Amino acid sequence: MTCEDNASRLTWEVQLYEPFSRVWMCRGLGRATTTAAPADVARAVLAGHLAANPARPGETFRALAYTDTGSPVFVTADQLSDGWDAGEAVRQALPEHIRAALPDCGNVPSTRSL
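Scoring rules and cut-offs
Residues numbered from 1 in each chain as written. Predicted model: local features only at pLDDT ≥ 70, side-chain atom pairs only at ≥ 80, totals over all residues. Heavy atoms only, no water. Helix = DSSP H or I, 4+ residues; strand = E, 2+ residues; numbered from the N terminus. Buried < 20%, exposed > 50% of the residue type's maximum accessible area, 1.4 Å probe, protein only. Contact = heavy atoms within 4.5 Å. Areas by Shrake-Rupley, 256 points an atom, 1.4 Å probe, with all protein chains shown as cover. Polar contact = N/O pair within 3.5 Å; in protein donor to acceptor, adjacent residues only side chain to side chain. Phe/Tyr/Trp six-rings, centres within 6.5 Å; stacked < 30°, edge-to-face > 60°. Lys NZ or Arg CZ within 6 Å of the ring centre and 35° of its normal. Pairing = 2+ DSSP bridges.

**Let's talk about the overall build of the protein chain**
And then number 1: A count of helices and strands for the protein chain gives three helices and four strands.
And then number 2: Taken from N to C terminus, the helices and strands of the protein chain fall in the order β-β-α-β-β-α-α.
And then number 3: Split into buried and exposed, the 114 residues of the protein chain put 39% on the buried side.
And then number 4: Taking contacts inside the protein chain between residues at least 6 apart in sequence as the whole, the part at least 24 apart equals 63%.
And then number 5: On the protein chain, roughly 6800 Å² of surface is accessible, and the fraction owed to carbon and sulfur atoms is 49%.

Listed below in structure tokens is the structure:
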């Protein structure tokens with residue numbers, strides 16, 4: 001058995017930056033048991049969140065994902081790229097409302113704030 005065969009408990013969070021207080025506020029939180037990489041889950045969570053709730057001008061979002069034993073991984077909207085596709089393990093780790101918001105064709109919607 002390899003480490004890829006072992007499912008890990010993963011926690012993810014979508015955060016919005018509040019410039020006046022200079023803190024990142026949680027806008028969504030979830031947990032899953034998955035073999036998917038934390039960076040892929042963070043990318044999918046952020047892409048799905050922004051597809052369902054587009055950023056308004058001046059808003060800055062990021063996603064955080066980490067396993068019980070791993071280091072946290074942060075993904076910003078600037079790190080989302082066209083042509084990326086969430087694999088089956090990633091999609092299964094997401095709640096239905098985020099999974100439904102992800103595009104099926106593999107193209108990530110424009111997420112840059114103005």
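**A look at the side chain of R62**
And then number 1: In this structure, R62 sits in strand β3 (residues 61-67).
And then number 2: Polar side-chain contacts of R62 include one of 2.5 Å to the side chain of Q15.
And then number 3: Excluding anything up to four places from it in sequence, R62 contacts E13, V14, Q15, W24, L46, F74, V75 and T76.

**Structural notes on the packing of aromatic side chains**
And then number 1: As enumerated under the stated definition, the model contains one aromatic pair in all.
And then number 2: For the ring pair Y17 and W24, a centre distance of 5.1 Å and an interplane angle of 55° mean the geometry is tilted.
And then number 3: Between the NZ or CZ atom of R62 and the centre of the ring of W24, over which it lies, the distance is 4.0 Å.

**Side note on the pairing of strand β4 (residues 73-76)**
And then number 1: Where β3 and β4 come together, four bridges link them in antiparallel fashion. In the strand pairing of β4, L64 is matched with F74.
And then number 2: Counted along the chain from β3 to the antiparallel partner β4, the turn is five residues long.

Keep in mind that these numbers describe shape and distance, not what the molecule does.
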